[in-house]
Amino acid sequence: MRRTTALVSVSALLLALLTACGHAKAGTALPKGDDAAAYVTAKFDGAMKALTAKLGNERNISASVDSYFRIDDKWDHTQLTASRLGEPEARIVQQHSLRDPDETRDDFSPASGSVDYIHLGKHYSSLAPTPWVSMPKKPGGNGPICAWLGTIEVCNMVDAVLASVEANKAAVISAGSLPSGETELVVNVTLDAILKEHVEILPDALRSKITEAIRHQIIITKVTIEADSTVKQISMNGTLDKDSHHIEMSQEFHFTGEAKAQDFPSAPDASQVTVLPDQAAVADFNRRTDELQNHVS
């Protein structure tokens, strides 16, 4: 699996996707067939139109992603936390592998200045002679809405949900309110959609094990919003045994509250920083980083 960089809030997307659910009574049946597909698709389309405006108002946000995937004896488990704060905005994304405690990486973008920083764990010590590297901030700002680590995961998860619904109108199992006052949408999402929408990205050697029959197996996906209509989490969980292969998957994204100033480090001392002066140096660094990452293996 690959992990790339950044953070934004997609609460607007999920909120609009599920707005109508928030008014349902516990146990209310969802429309079937074409009506169910139209129900979900319409909410998603409205979310996309409102997303940019909504993001501009949500600056102080923290989120987490827990991602686990196994094929037979090959596996990976990564936890990620991400925060964005203020205007101009500071961001921090922290990635920690649960398989290798030394495989850590913290991406820090200060609110001011012209450079971003990455703090490297021991697993990445060969990339630079110092624990930190710096690089020029990207020209033109933060890039597309779903391009940042900490949010790209949930964007891809939502895309996988929609792909499954579009392919099979009966994929939507239920939508209704919980006793806690929260609202939950449950969808049968195929492993094929999960792989095609890059929720999980596998190396070629493992992707070749995923037969057509395995691709059509189901991963139960749940999207939950709070009683006050704010998104709580989206999760995908399943265990599959098919064509002599055993697969386990658990991926969960949830918002963890408001970002705080103490979530962000101070800029490191210059003596602790290796400078990547231009985009060519950054591209080379990213290539070498990817070679060192412990993917599903």
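Conventions and cut-offs
- Residues numbered from 1 in each chain as written.
- Predicted model: local features only at pLDDT ≥ 70, side-chain atom pairs only at ≥ 80, totals over all residues.
- Heavy atoms only, no water.
- pLDDT = per-residue confidence, 0-100.
- Contact = heavy atoms within 4.5 Å.
- Phe/Tyr/Trp six-rings, centres within 6.5 Å; stacked < 30°, edge-to-face > 60°.
- Lys NZ or Arg CZ within 6 Å of the ring centre and 35° of its normal.
- Helix = DSSP H or I, 4+ residues; strand = E, 2+ residues; numbered from the N terminus.
- Buried < 20%, exposed > 50% of the residue type's maximum accessible area, 1.4 Å probe, protein only.

S.K.: Go over the confidence of the model for the chain with me, naming the residues and quoting the values.
M.R.: Overall, the predicted model of the chain reaches an average pLDDT of 80, with 75% of residues at or above 70. Under a pLDDT of 50 for its full length, residues 1–27 has, in the predicted model, 99 contacts with residues more than four places off or in other chains. Considering only residues more than four positions removed or in separate chains, one finds that residues 45–56, a stretch of pLDDT under 50, has 18 contacts.

S.K.: Talk me through the packing of aromatic side chains; I want residue IDs and the actual numbers.
M.R.: By the definition in use, this model includes four aromatic pairs. Seen in terms of ring centroids, F253 and F255 are 5.1 Å apart; in terms of plane orientation they differ by 90°. Their pairing is edge-to-face. Grouped by ring-pair contacts, the aromatic residues F108, Y117 and W132 constitute a single cluster. Lying over the aromatic face of W75, R99 brings its terminal NZ or CZ to 5.7 Å of the ring centre.

S.K.: Could you give an account of the environment of A270, naming the residues involved and the relevant values?
M.R.: By the element assignment, A270 lies in the loop between β11 (245–257) and β12 (273–275). By relative accessible area, which is 66% here, A270 ends up exposed. Separated by 136 residues in sequence, A270 and S134 have C-alpha atoms that sit 9.6 Å apart.

S.K.: Let's hear about the environment of L191: which residues, and what values?
M.R.: The topology assignment puts L191 in helix α4 (residues 191–196). For L191, a relative accessible area of 0% puts it in the buried group. Along the primary structure L191 and I220 are separated by 29 residues, whereas in three dimensions their C-alpha atoms are 10.0 Å apart. L191 has contacts with F69, I210, I214, R215, Q217, L240 and I247, leaving out every residue within four places of it along the chain.

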